[in-house]
Amino acid sequence: MLALRDIRRRFGSTIAVDGLSLEVRTGEVFGLLGPNGAGKSTTIAIATGLLAPDAGSVDLLGLGSPSNPKVRMHLGLAPQEITLYAELTARENLRFFADLYGVSNARVRVDELLALVELDARANDRVATFSGGMKRRLNLAAALVHDPKLVLLDEPTAGVDPQSRNRILELVRRLAGEGKTVLYTTHYMEEAAKICDRVGIVDHGRMLDVGTVAELVARHGGQSAVTIERDGAEERIFTADPVAEVARQFARANSDRERGEVGREVTGLRIERPDLETVFLSLTGRSLRE
Amino acid sequence: MRAIFAIARKDLRLLLRDKGDVFFTFVFPVVIAILFGFVFGGGSNSGSKLELAVVRESESVLALGIEEDLANDAAFETTAFPTRDAAADAVRAGKVTAAVILPKSLDSGLEGLFSGQGIAIDAVVDPSRRAEAGLIQGKLNELAFRQFPKLFANPTEMSRAFSAARSSIASARGMSPTQKLLGAGMITAAESFTSSIGDEDASANASGGGGGANNAAGNTADFTPIRVKVEELAPRAGRPRASFDVTFPQGIVWGLAGCFGAFASSLVTERARGTLDRLRLAPITAFHLISGKAIACLVAGLLVQTLVFAVAIIFFGSSVAQPAMLVIAAFAASFAFAGLAMALAAFCRTEAEANGAGRGAILILALIGGGTIPLFFMPPFLRTLSYGSPFRWAVAAIEGPFWRDTSVGEQIVPLIVLFAIGFLGWIIGARALWRPFAR
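Residues numbered from 1 in each chain as written. Chains lettered and ligands numbered in written order. Predicted model: local features only at pLDDT ≥ 70, side-chain atom pairs only at ≥ 80, totals over all residues. Heavy atoms only, no water.

### A short note on the overall build of chain B
Okay, so step 1: Across its full length, chain B holds 18 helices and five strands.
Okay, so step 2: Look at the contacts in chain B between residues 6 or more apart in sequence, and 81% of them connect residues 24 or more apart.
Okay, so step 3: Just so you have it, chain B exposes about 19,500 Å², and 64% of that area is on carbon and sulfur atoms. (Helix = DSSP H or I, 4+ residues; strand = E, 2+ residues; numbered from the N terminus. Contact = heavy atoms within 4.5 Å. Areas by Shrake-Rupley, 256 points an atom, 1.4 Å probe, with all protein chains shown as cover.)

### A word on the environment of Ser104 of chain A
All names here are of chain A.
Okay, so step 1: Among the secondary structure elements, Ser104 is positioned in the loop between helix H3 (90–100) and helix H4 (106–116).
Okay, so step 2: Judged by relative accessible area, Ser104 falls into the exposed class, the value being 62%.
Okay, so step 3: Expressed as a C-alpha distance, the spacing of Ser104 and His146, which sit 42 residues apart in the sequence, is 9.2 Å. (Buried < 20%, exposed > 50% of the residue type's maximum accessible area, 1.4 Å probe, protein only.)

### A look at helix H17 (residues 390–404) of chain B
Okay, so step 1: At Ile398 of chain B, H17 of chain B is deflected by roughly 30 degrees, the largest bend along its length, and proline Pro401 of chain B occurs up to four residues later in sequence.
Okay, so step 2: Taken from the residues just after H17 of chain B, Asp405 of chain B is the one with a positive phi, measuring 60 degrees. (Bend = angle between axes of the 7 residues up to and from the residue.)

### Concerning the side chain of Lys10 of chain B
Okay, so step 1: Examined against the element boundaries, Lys10 of chain B turns out to sit in helix H1 (residues 2–17).
Okay, so step 2: At a separation of 2.4 Å, a polar atom in the side chain of Lys10 of chain B contacts the side chain of Glu270 of chain B.
Okay, so step 3: Once residues lying within four places of it in the same chain are set aside, the contact partners of Lys10 of chain B are Tyr85, Leu88 and Phe96 of chain A together with Glu270 and Lys293 of chain B. (Polar contact = N/O pair within 3.5 Å; in protein donor to acceptor, adjacent residues only side chain to side chain.)

### A look at the pairing of strand S2 (residues 76–80) of chain B
All names here are of chain B.
Okay, so step 1: As defined by bridge partners, strand S1 (residues 50–56) adjoins S2 across five bridges and the pair is classed as parallel. Of the residues in S2, the one forming a bridge with Leu52 is Thr78.
Okay, so step 2: Note on the crossover from S1 through helix H3 (residues 61–72) to S2: the handedness is right-handed. (Pairing = 2+ DSSP bridges. Right-handed = clockwise from strand over helix to strand, strands pointing away.)

### Here we look at H1 of chain B
An α-helix turns once per 3.6 residues; consequently, residues spaced three or four apart project the same way.
Okay, so step 1: Taking 1.5 Å per residue as the helical rise, H1 of chain B with its 16 residues ought to reach 22 Å, and the 22 Å between its terminal C-alpha atoms agrees with that figure.
Okay, so step 2: Here H1 of chain B has its buried residues at Ala3, Ile4, Ala6, Ile7, Ala8, Lys10, Asp11, Leu12, Leu14 and Leu15 of chain B.
Okay, so step 3: Packed against the buried residues of H1 of chain B are H3 of chain A together with helix H2 (19–39), helix H11 (243–273) and helix H13 (286–316) of chain B. (Expected span 1.5 Å × (residues − 1).)

### Notes on the environment of Arg9 of chain B
Okay, so step 1: Mapped onto the secondary structure, Arg9 of chain B falls in helix H1.
Okay, so step 2: The spatial distance from the C-alpha of Arg9 of chain B to the C-alpha of Ala296 of chain B is 6.9 Å, given a sequence separation of 287 residues.

Here it is in structure tokens:
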């Protein structure tokens, strides 16, 4: 669907994207996970044709670069900023973008989208009066107005409350269910783990690794940690099979009790499985949240 | 075309929904035009007084008396003018409400009265000041009548009048010698009566003579000893009929400036807030984008001009000398300011820059371009400087067909300059917008 090959882009002395390559397959939700400043938005701008790379190539649907308006027609972008006209109503905003794309039966399409993002009740209200979450949803709807095959969502949950975040994530899942291909950037690993079929870990403009969450964890997450609390002290055991380790620890505690040994009871137990945070730590030596 | 009109419609909606932009585009220019119209003379009465231009062509006691009484009258503020034309120009320019001409014929003094011709006084008024014309006519009648006692008490005037009467009787062909003798006798009796009136009595008569004169007027219903001829001034091509003719074109350029500021700011806002990226992502070319914005800016410019002209014509009695040429000038001015909006947007990177530096630049250009103070009030060096301001050319282009009634040859220069400014602005602005598309 979308292929970026050895993309490089520099702003002055700052290297924003440094030889990044990725391939987004048709019908998948691909997550670009990385901290702020990792080069995700620059990658999105290059992928959409808004920004020309210094080197490398972009191909959309095998049709060539999205700098060509006919190729660009197949993608929709919800930028990180709310790129809507605050003094227009929700309906007027969507209608405007529908007219720009020459959408036939624009009125029906706009109504569909307003219903999809659950803003039909506020359709005739000015965007300036909307909450952050409502603006985010409308921002997303504006990217869908021409029914694109590829949807690029750049940090679509930035700055919204948990309820709105869940609505947006549900919406993304729904889009994937309808067969859309989604390129999703975020610095929230929970989001990436929750909705992405594959995730690319980005830092300093480089693609560090790509795979499913399970594959990335298996490759870079290391072993699970089982933490056992006994008599106020904690013992941390790293193991590939934490369930077996827990069973072993309980068996040992029972045996101690039968032998009448006191003070060795297990008072607490915690399993820490490796996740994308661990993967990122392993790949970069620093936390995703730093 | 659908995308172009969508952009134009969207930009006009945004303009009309911003209260600040609506004020500066549609309300402010009308306020400026009216305010400066009054400041520069149109419709002002300096309190309750009517401003009169007085032209005294006669050196007679009668003319001097009327002039003096006009000056002392609480209803008038008089200014002496050397010629009728100068006084008429002042009326046309709205500097005075009316002009009073005390003609050379007043030299004959009471002769005219006795000969049955009456005393003629001329007045010239602005057609838009008809309400005041009646008052002026009445006042002139009153003041002229007031002169009679003075004339009757003036031995020189009376002696001149009696001599003239004797000459008339002597040369009259239809009178018999007896009638001539009787007439001459009556004149001699009247002469000896008037010469017996002492100075004090004469003074007393003069001060209380208004009533007597009025009575005299009342008793001579068919005889009009004072004839005040009021003439409405026809607008003369090439001269403003009132100060509003000058200030409404100024108001228009302020409206265009408001429009230009609003669109420049909107372009910068599109870039700063990222909506421009959405436009760039759409399958449209820079041509669509620029054309859409051009149409919106042109329509807004034409709307503001229509509004200001409508106010000028409906409420201030202005008339358009060359309607077709005015439409062309309005289009040229809108085009120029739309181009300027594009150029300003290219130079301003942030909304703060557009709203601060941008509007500041507009203000300076407006000031030196005659947007506030008419060019003819400016010192020469400022008038020269004004050639660098688009406001100057817009005012010139609009004034030409509005009231100056300039020839096509004279009109062509400001039109060419405006179109050139517009094209240049569009090229600069389009390049700034086009750049991101050139991948």
